[in-house]
Amino acid sequence: IFRALFGAKRDYGLAQQNIQARIRGAILMAISNAEGRLALATGNKSELSVGYCTLYGDMAGGLAVIGDVYKRDVYALARFANRNAERIPLRTLEKPPSAELAPDQKDSDDLPPYDALDAILEQIIEGRRIPSAVVAPAGVSAAGVREIYRRVDRNEYKRRQAPLVLRTSPK
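Residues numbered from 1 in each chain as written. Predicted model: local features only at pLDDT ≥ 70, side-chain atom pairs only at ≥ 80, totals over all residues. Heavy atoms only, no water.

What follows concerns the overall build of the chain. Along its length, the chain carries eight helices and two strands. For the chain, the sequential pattern of α-helices and β-strands runs α-α-α-β-α-α-α-α-α-β. In terms of overall dimensions, the chain is globule-like: its C-alpha atoms have a radius of gyration of 17 Å, near the 16 Å expected for 171 residues. Within the chain, the proportion of its 171 residues that are buried is 35%. For the chain, contacts bridging at least 24 residues in sequence account for 62% of all contacts bridging at least 6. By element, 57% of the accessible surface of the chain is carried by carbon and sulfur atoms, the whole surface being about 10,800 Å². One finds the centroid of the 26 positive side-chain charges in the chain at a distance of 3 Å from the centroid of its 20 negative side-chain charges. (Helix = DSSP H or I, 4+ residues; strand = E, 2+ residues; numbered from the N terminus. Rg over C-alpha atoms; globule rule 2.2 N^0.38 Å. Buried < 20%, exposed > 50% of the residue type's maximum accessible area, 1.4 Å probe, protein only. Contact = heavy atoms within 4.5 Å. Areas by Shrake-Rupley, 256 points an atom, 1.4 Å probe, with all protein chains shown as cover. Lys, Arg positive; Asp, Glu negative; His and termini not counted. Charge placed at Lys NZ, Arg CZ, Asp CG, Glu CD.)

Structural data, given as structure tokens:
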């Protein structure tokens, strides 16, 4: 279908990557319907804030349990869950974060490390700061802060279509 729409290419980029997420989302929603279960969306606050999520893909579901939890805190919660026994495979926690929609893809190819991203997002979201008032963490330039701010603003349309998010913060 991509060849008919866009011509012959080896890689169709984001369109091809997002269709994978959307197919998985459709399958999960079909299982949810067939079994009478509630599908949980997997996006966290960091990803939802900057639009690092796919409409009708990983955003599919009836409830976003971790939608108001920053990525670094998701990892902390996972480590806490593993405190007495390995419930979440350590390889999952130790490998670099990845949407896994392209070969060798890592989130850091497109985003700053989550500790830095989350520090910036906290200032923008909870602190209601404009880019010039954000204290950039080490390794992030003023231009990088402006880009994150732009992404937060630009992806409001996705957040408005997200499933209900359980709130854990004031904003």
